[in-house]
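Below are the chains, spelled out letter by letter.
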Amino acid sequence: MNNQVIADDVELAEGVKVFHFVNMYGCKVGENSRIGSFVEVQKGVNIGANCKISSHTFICEGVEIEDEVFIGHNVSFINDPVPKAAGEGGELLTDGEWECIPTRVCKGASVGTSVTILCGVTIGENALIGAGAVVTKDVPANAVVAGVPGRILRFQESAPVEAAA
């Protein structure tokens, strides 16, 4: 039984692992990344190398996830600040009738379980977003954010750079 829907236009790099019950279309996933069960990744999404996308996560159009990012379980990205199903006349809106606002998660960031990330924000390098937070504005590099709405609690030291051998 095939329980994955991975469209022909999906680009999976070497070493990518996709688990059961995943829906992916029009996206790119970098080397050695892992996509957990019950995940949807929509068109135009770019996921970098060595990322872990945990189960039950929704990554909508307009999201860029850089290398070495951890996305916890049940994380939801939002790409429209004022979503509507129908126009003023009651007609169902189509793809061209709404504005997709991009969102970026920078290298090495970690996003906890059940976080909601509103559109138009950038989560900085090595930032840590606590479980259940709602990210409504940009998060600086190395910040630790928690709460609803998400607030900076402190900054963590940046990861040490290893000397070249």
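Residues numbered from 1 in each chain as written. Predicted model: local features only at pLDDT ≥ 70, side-chain atom pairs only at ≥ 80, totals over all residues. Heavy atoms only, no water.

**Student:** What is the right way to read the layout of surface pockets from this model?
**Tutor:** If you roll a probe as big as a water molecule over the atoms, it shows you where there is empty space left. Taken as a whole, the largest pocket encloses approximately 240 Å³ of empty space. Every residue lining the largest pocket is listed: Y25, Q42, K43, F58, C60, E61, I78, N79, D80, P83, D95 and W98. A per-class count over the lining of the largest pocket returns 6 nonpolar, 2 polar and 4 charged. Lining the second largest pocket are D80, P81, V82, P83, K84, A85, L93, T94, D95, E97, W98 and E99. (1 Å grid on protein atoms, 1.4 Å probe; cavity = no way out; pocket = protein on both sides within 12 Å on 5 of 7 lines; lining within 4 Å. Points joined across faces, edges and corners; volume = space filled by probe spheres on them. Nonpolar A, V, L, I, M, F, W, Y, C, P; charged D, E, K, R; others polar.)

**Student:** How do you make sense of unusual backbone geometry when you look at a structure like this?
**Tutor:** Negative phi is the rule for most residues except glycine; trans is the rule for most peptide bonds. With an omega of -10°, the peptide bond running from V148 to P149 counts as cis. For F21, which is not a glycine, the phi torsion comes out positive at approximately 60°. Residue position: F21 is located in the loop between β3 (17-18) and β4 (23-24). Judged by its relative accessible area of 39%, F21 falls in the partly exposed class. A positive phi angle, near 60°, is found at S114, a position not held by glycine. Summarising the element assignment, S114 is placed in the loop between β15 (110-111) and β16 (116-117). We classify S114 as partly exposed; its relative accessible area is 32%. (Helix = DSSP H or I, 4+ residues; strand = E, 2+ residues; numbered from the N terminus. Buried < 20%, exposed > 50% of the residue type's maximum accessible area, 1.4 Å probe, protein only.)

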